[in-house]
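# Descriptive structure summary
One letter stands for each residue in the lines below.
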Amino acid sequence: MIPEAVLDAFGVPGSAPVPLPGGQGSTWRAADIVLRPAESAAHARWAADLFSGLSGPGFRVPRPVRAAAGDWIAHGWVAWRWLPGATADWSGVSPRWPQLAAASRAFHAALAGTPAPPWLGRGGSPWTVADQVAWQEADPGGVLGAAGERLRGQLTSLLAVLRPVDLTAQLVHGNLGGNVLFADGEPPAVIDLSPFWRPAGLAIAVAAVDALLWSQAEPEILGELAGEPQLDELLARALVYRLASEVILRAGAAVPGGSLDGVARAGQPVTELVLARLAGRPRPAAYLDDARLAELAGRAAGAAVTQLHPAGTRGHGDPAAAAGHTRAIRRLARLADGRTVFVKAAGPGTDLTAELTGYESIGPAAFMPRVVAVSRDPVPLILLEALPEAGWVTRWTPQAIADTEDLLADVHATTAPAGIPRWADPGPAGSGSWLAIARDPARLLRMHVCSDQWLSANLAALAEAASRARCSGSQLVHGDVHAGNLCYRDGRLVLADWATAAAGNPWCDIHSWLVTMAAEGGPPPDERQGPGADSHAALIAADQVLLAPSRASDPVLFDLRRQRLVVALSWAARLLGLTPPEGAGPAGRPNRVPGP
C-alpha cells in the first residue's frame, strides 16, 4: 500500500488508492493522480521534466504532479495526472494498429532534438544489455550461452544477417506497444517512457515484434509500416533485442516445459518471418491461411473440404468457448463425403511433434479422440473426430470428478511411447523458478495475489519445496487436464488436446489437474492430494507466474494463470505451514483482481 505521507505530499490525503494493471504491479490510482515508486531518482526527475513540457498533435502524455515541497519525488514516490484510456488488444490485425503507428510517428517527431540524459545506456540493466547486443555494441556471448539450443539458433541467425542502419539516432520509446492508451474521441496517450537512443522507427518495430511474439498478431500489421525507412533491419534488431532481454530475464527459471522453451516457440515463426523479409522470400508456411489449410486437410482426409470455420479447443464452432492459448490453428471442416472433422495445424510458434507422436504411438485408445488422419509435411496437421458439443464438461460434478479419476488411471497405466518429451526432476533448478521471481518480484506482484512482504517472508520455503519436486517417470502424462479438454463420447470421458503429452510422474499430472479443477470451481486440491503434493504445488505456482502474459496483452490467459496461481500458492502455503497469501479468498479462491 501507499504510505499516508505520500498521499499527503501529493494532495490526496485520506483517499483509497486502487492498484492498476501493468506498471509491474506497483502502480496505484488515488483520486485523479497515478502514483508509483521512483525506482531511479534521476530517471524519475528527468521524465517528469520532459513530460511537463512535451506536447504536439497526434498524441497525449500524462502531466507530472509536484509534491507539496516542490519536487517531483516525495518519500520515494512520483505522481502523474490520470488519463482516460486503455491499452489495445494486438491480436490479429487490430483496428488500433494504424493509430499506434501514427501516434509513434507524432510522438517521436516531438521528441526529435531532445538530448539524451547523461545516464542513458549505463547501469547494465537487462534491457540495456539486450539493446547493445542488438546494435552490435556488446558481445553476445553471454546471452547466447544462456539461451538454450533453439533460442541460440534464432539469435545467431538474426545476428548473422544484421547490416548497418543509416538512420539518425534520437530519443525513442523502447516499450511502446503496452504503454499507449486509447480512448474514443481522444488522441492516443503515450505513458511510461522507456528511453533509448536509436532511430525513431525502432519504437514501432519493437511494438510490431512484441505483437507478433506475444499477442498473435498477423504479419499484415507490417503493411502499415511500409513507409518506415530500413524497416526490415529495424525489425531484425528489435527481435534480437526482445529475445535477448527475455534470455537475460528468464535464464535460470525452471518450470515445467521450460520458460525459455516458450520464448523459443514464440520466437521461431517471427524469426523466420523477419529472415524471409530480409532475403526477399515469401511468407513462411507457419502463417497458413484458410484456403491453404483446406487444401492440406482435404488431401490428408482423402476428401475435399467444402466448408471450414473456426473451432475452439472443444471441437465445435463457438470460438468463445475456446480454452486453448497456443497459436495452433483450429478449425472445423465439413468434407465432401459428409463427415465433419476437427483440424489442428501447427501455427506460428507451435510444435505439434509430441502430439503427432502421441496419436501415432498410443492410439487407438479409449481415452483419446479418434484420429482421422495425420500429416507432417509441409506443416504438421492432425484431423480428429468432431466430438459432440453437448458432451463437454462444464461443471465439476461428483460424477465428472470420478470419471476423470478413472480416465487418468487409464492414461497413467500406459507406458509413454518413445519420441515424446520426458519430464525431469528440477532438483536445485526447481528453486531457480522462485529465485527468478525474487530477481524480478514484479512478475508475481502484478498478479495481486500476495504482498512484497509475504513473498520476502516465504520465498525460501517455496524455493526449497520446489527443488524437491519429483516430475520424472516412464508413464504417459497429459500435462493439461482441465474441463475444456474433457468430453463425453458414447457415455465415456475422452481427453483431448495432447500437445503437452510427455513421460513423467503421474502424481505431478494429477496435482496439476487438482489445481486447475479448483480454479474452475471444483473442490480444493487437498481432498485428493498424493505424494509430493507440497513440492508440486510450489512448482506449479511458480509455473503460473513465469508463464503468465501481461494482463493488457492477453487478459483471458492472465486471469486463468492468476486463478491457478491463487489455488497452487494457497495449497503450498497450507502444506508448508505458511500464512495464506493475501490475494486468496476463502478456501484459497481468488479475490477479484483490479481492472482498468
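Nothing here was measured: the structure is a model prediction, and the numbers come from that model.

This part covers the overall build of the protein. For the protein, the helix and strand inventory stands at 18 helices and 19 strands. For a compact globule of 596 residues, the expected C-alpha radius of gyration is about 25 Å, and the protein comes in at 25 Å, within 12% of that figure. Taking the principal axes of the C-alpha coordinates as reference, the protein spans close to 70 × 60 × 45 Å. Across the 596 residues that make up the protein, the buried fraction comes to 56%. For the protein, the exposed area adds up to about 23,600 Å²; of that, 54% sits on carbon and sulfur atoms.

This paragraph deals with the packing of aromatic side chains. Centre-to-centre distance and the angle between the planes together describe a pair of aromatic rings. Counted under the stated rule, the structure contains 9 aromatic pairs. Here the aromatic rings of Phe 196 and Tyr 241 are separated by 5.7 Å at their centres, their planes lie at 75°, and the arrangement is edge-to-face. In this pair, Phe 196 sits in strand E10 (residues 195–199) while Tyr 241 sits in helix H8 (residues 231–250), placing the two residues 45 residues apart along the sequence. Assigned by exposure class, Phe 196 and Tyr 241 land together as buried. Three or more aromatic residues joined by ring pairs form one cluster here, namely Phe 51, Phe 59, Trp 80 and Phe 107. Sitting over the face of the ring of Trp 82, Arg 29 holds its NZ or CZ atom 3.7 Å from the ring centroid.

As for its position among the elements, Gln 230 is in the loop between helix H7 (201–214) and H8. For Gln 230, a relative accessible area of 29% translates into the label partly exposed. Distance from Gln 230 to Asp 166, taken between C-alpha atoms, is 8.3 Å for residues 64 residues apart in sequence. Every residue in contact with Gln 230, bar those within four places of it in the chain, is listed here: Pro 164, Val 165, Asp 166 and Leu 167.

To continue, consider the pattern of salt bridges. Side chains that differ in charge, positive against negative, can pair when their charged atoms come close. All chains considered together, the criterion is met by 26 salt bridges. Its salt-bridge partner being Arg 198, residue Asp 131 comes within 2.8 Å of it at the nearest N-O pair. In this pair, Asp 131 is assigned in helix H4 (residues 126–134) and Arg 198 in strand E10, connecting sequence segments 67 residues apart. Measuring nitrogen to oxygen at the nearest pair gives 2.9 Å for the salt bridge that ties Arg 468 to Glu 464. Of the residues examined, Glu 464 reaches a relative accessible area of 41% and is grouped as partly exposed. Here the salt bridges share partners, and the residues they tie into one network are Arg 330, Lys 344, Glu 355 and Asp 497.

For the pair helix H15 (residues 452–467) and helix H18 (residues 555–576), the least separation of the axes is 11 Å and the interaxial angle reads 80°. Classified by the interaxial angle, the pair formed by H15 and H18 is roughly perpendicular. The segment H15 lies against H18, with Trp 454, Ala 461, Leu 462 and Ala 465 engaging Leu 569, Ala 572, Ala 573 and Leu 576. The residue inventory of the contact of H15 with H18, partitioned by class, reads 8 nonpolar, no polar and no charged.

Take the environment of Gly 11 next. Considering the arrangement of structural elements, one finds Gly 11 in the loop between helix H1 (4–9) and strand E1 (18–19). Since its relative accessible area comes to 56%, Gly 11 is described here as exposed. Sequence separation of Gly 11 and Ala 31 is 20 residues, and the distance between their C-alpha atoms is 9.7 Å.

Here we come to the pairing of E10. Of all 5 residues making up E10, 4 are buried, and the element is well covered by its neighbours. With 5 bridges joining them, strand E7 (residues 169–173) and E10 adopt antiparallel strand pairing. By the bridge assignment for E10, Gln 170 is matched with Arg 198.

The subject of this paragraph is the packing of helix H16 (residues 506–519) against H18. For the pair H16 and H18, interaxial distance at closest approach is 8 Å and the crossing angle is 120°. Between H16 and H18, the crossing angle belongs to the class labelled oblique. Along this stretch, H16 crosses H18, giving a crossing that reads as right-handed. Seen from H16, the contacting residues are His 511, Val 515, Thr 516, Ala 518 and Ala 519; seen from H18, they are Gln 563, Arg 564, Val 567, Ala 568 and Trp 571. In the contact of H16 with H18, the residues fall into 6 nonpolar, 3 polar and 1 charged.

Low pLDDT marks regions whose predicted coordinates should not be analysed in detail. Summarising the model, the protein shows a mean pLDDT of 88, and 90% of its residues fall at 70 or more. The least confident element of the protein is helix H13 (residues 428–439), whose mean pLDDT is 73; the most confident is E7, at 98. Residue range residues 253–258 is modelled with pLDDT below 50. Its contacts to residues more than four positions away, or to other chains, number 18 contacts. Confidence drops under pLDDT 50 across residues 590–596; counting only partners more than four residues distant or on other chains, this segment forms 24 contacts.

With a phi close to 50°, Gln 230 is a non-glycine residue in the positive phi region. Backbone geometry places Asp 490, a non-glycine residue, at a positive phi of 55°. Counting through the fold element by element, Asp 490 comes out in the loop between strand E17 (486–489) and strand E18 (492–495).

Bringing the sheet that holds strand E15 (residues 381–385) into the picture now. Overall, antiparallel pairing links the 5 strands, which are arranged E11-E12-E13-E15-E14 in an open sheet. Unpaired on one side and paired on the other, strand E11 (305–310) and strand E14 (371–375) mark the two borders of the sheet. Neighbour-to-neighbour, the strand axes of this sheet turn through a mean angle of 25°, independent of strand direction. Packed onto the sheet, helix H10 (residues 290–301) meets E11, strand E12 (329–335), strand E13 (340–345), E14 and E15 and runs at close to 65° relative to E15.

Thresholds, definitions, all that
- Along each chain, numbering runs from 1 in the same order as the chain's sequence is written.
- Given that the model is predicted, a residue must reach a pLDDT of at least 70 before its local features are reported, and side-chain atom pairs must reach 80 or more before they are shown or counted; all residues, however, enter totals for whole chains, interfaces and linings.
- To obtain the side-chain values, all non-hydrogen atoms of the structure were included, while hydrogens and water were left out.
- The helix count covers DSSP runs of H or I at least four residues long, the strand count covers runs of E at least two residues long, and both are numbered beginning at the N terminus.
- Values of the radius of gyration come from C-alpha atoms, whereas the globule rule sets the reference at 2.2 Å times the count of residues to the power 0.38.
- Think of it in three bands: with a 1.4 Å probe and only protein chains considered, a residue is buried below 20% of the maximum accessible area for its type, exposed above 50%, and partly exposed in between.
- Computed with a 1.4 Å probe, the accessible areas rest on the Shrake-Rupley method; for each residue, only the protein chains presented here act as cover.
- Put simply, two rings from Phe, Tyr or Trp (the six-membered ring, in Trp's case) pair if the centres are within 6.5 Å, and we call them stacked under 30 degrees between planes, edge-to-face over 60, tilted for the rest.
- Whether a charge sits over a ring depends on NZ of Lys or CZ of Arg being within 6 Å of the ring centre and within 35 degrees of the ring normal.
- Should any heavy atoms of two residues lie within 4.5 Å, those residues are counted as being in contact.
- One speaks of a salt bridge when a side-chain nitrogen belonging to Lys or Arg is within 4 Å of a carboxyl oxygen belonging to Asp or Glu.
- Each axis is a line fitted through C-alpha atoms, taken for helices only over the stretch in contact, and angles between the N-to-C directions span 0 to 180 degrees.
- Angle categories are assigned with fixed cut-offs, so that under 35 degrees is roughly parallel, over 145 is roughly antiparallel, 65 to 115 is roughly perpendicular, and the rest are oblique.
- The classification used treats Ala, Val, Leu, Ile, Met, Phe, Trp, Tyr, Cys and Pro as nonpolar, Asp, Glu, Lys and Arg as charged, and all other residues, Gly among them, as polar.
- In this description, strands pair whenever DSSP reports at least two bridges between them.
- Each crossing is labelled by how the near helix is turned from the far one, with a counterclockwise turn of less than a right angle marking it left-handed and a clockwise turn marking it right-handed.
- A residue's pLDDT is simply how confident the predictor is in it, with values from 0 to 100.

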